[in-house]
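The lines below spell out each chain.
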Amino acid sequence: EAGVAQSPRYKIIEKRQSVAFWCNPISGHATLYWYQQILGQGPKLLIQFQNNGVVDDSQLPKDRFSAERLKGVDSTLKIQPAKLEDSAVYLCASSPRSLEGRSPLMNTEAFFGQGTRLTVV
Amino acid sequence: EDKVVQSPLSLVVHEGDTVTLNCSYEVTNFRSLLWYKQEKKAPTFLFMLTSSGIEKKSGRLSSILDKKELFSILNITATQTGDSAVYLCAVEANYGGSQGNLIFGKGTKLSVKP
């Protein structure tokens, strides 16, 4: 079974530039998550989709971050404009269904991609 | 303010050594404590602890929770170079909503030398 695919693996941009990350979840997984993990910290949930609808985006910095999941399959996460503090690994995860109040970090039904390491200089 | 503190921040040992990683917490609405191993990818789930004094064991790894003293330890016996990783401790707080809430420590970076 193919896993969660993310691209690119690495990205270096200058501050104030824009960047987009792509995630292709496991086929048939209805729920998709984007996490930001800054060096030395645990992952922080940015946004959760259920099919193509947003379930939780309370920690997404909406002035510069946006995400979409058109057609309820692939998802893109965009940062415009980027700041130095956005340097982090961006993780995408998917699960076959909503995990009913539990994080995918606690559930073996959820699968993570390899992540995109963003460096803003 | 909720917080999770791990110690030590880094540790270097030799193969065959036994290590103990520490995690203390101050969290309201405690629900569970989790340990993860993270290499160059997303964290890998190791243990979830909800009850005091009950040891969870998986191969050479074991963990126990003390809810009275608000800490947990992760033990690794007969360490191998493949155990080199960052070990993250997280506490799940029950604040309702769609996700609950995971509060992470900064991790312990373990390096196992041959």
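It should be noted that the structure appears before, not after, this text.
What counts as what
- Residues numbered from 1 in each chain as written.
- Chains lettered and ligands numbered in written order.
- Predicted model: local features only at pLDDT ≥ 70, side-chain atom pairs only at ≥ 80, totals over all residues.
- Heavy atoms only, no water.
- Core = buried A, V, L, I, M, F, W, Y, C linked by side-chain atoms within 4.5 Å.
- Buried < 20%, exposed > 50% of the residue type's maximum accessible area, 1.4 Å probe, protein only.
- Helix = DSSP H or I, 4+ residues; strand = E, 2+ residues; numbered from the N terminus.
- Contact = heavy atoms within 4.5 Å.
- Salt bridge = Lys/Arg side-chain N within 4 Å of Asp/Glu carboxyl O.
- Polar contact = N/O pair within 3.5 Å; in protein donor to acceptor, adjacent residues only side chain to side chain.
- Nonpolar A, V, L, I, M, F, W, Y, C, P; charged D, E, K, R; others polar.

Enquirer: Give me the lowdown on the nonpolar core, citing residues and values where you can.
Expert: Among the nonpolar cores identified, the biggest contains 23 residues, and V4, Y25, V27, L33, W35, Y87 and L110 of chain B are the most heavily contacted of them. Those elements that place two or more of their residues in this core are β3 (19-26), β4 (30-38), β5 (44-49), β7 (61-66), β8 (71-76), β9 (85-93) and β11 (108-113) of chain B. The dominant element in this core, judged by the number of residues it contributes, is β9 of chain B, at five residues. Excluding residues within four positions of it along the chain, V27 of chain B makes contact with D2, K3, V4, V91, A93 and I103 of chain B. Among the nonpolar cores identified, the runner-up in size contains 21 residues, and V19, L46, A82 and A88 of chain A belong to it.

Enquirer: For the interface of chain A and chain B, give the residues involved together with the corresponding values.
Expert: One widely used convention gives an interface's size as the accessible area the parts lose upon coming together. Contacts between the two partners involve 20 residues from chain A and, on the opposite side, 21 residues from chain B. At the junction of chain A with chain B, the criterion picks out zero salt bridges. Put simply, chain A and chain B have one residue pair in polar contact (both at pLDDT 80 or more) between them. Mapped by element, the contributors of at least two residues to the side of chain A that touches chain B are β4 (31-37), β5 (44-50) and β6 (53-56) of chain A. The leading source of residues in the side of chain A that touches chain B is β4 of chain A, at three residues. Partitioned by chemical class, the residues of the side of chain A that touches chain B number 10 nonpolar, eight polar and two charged.

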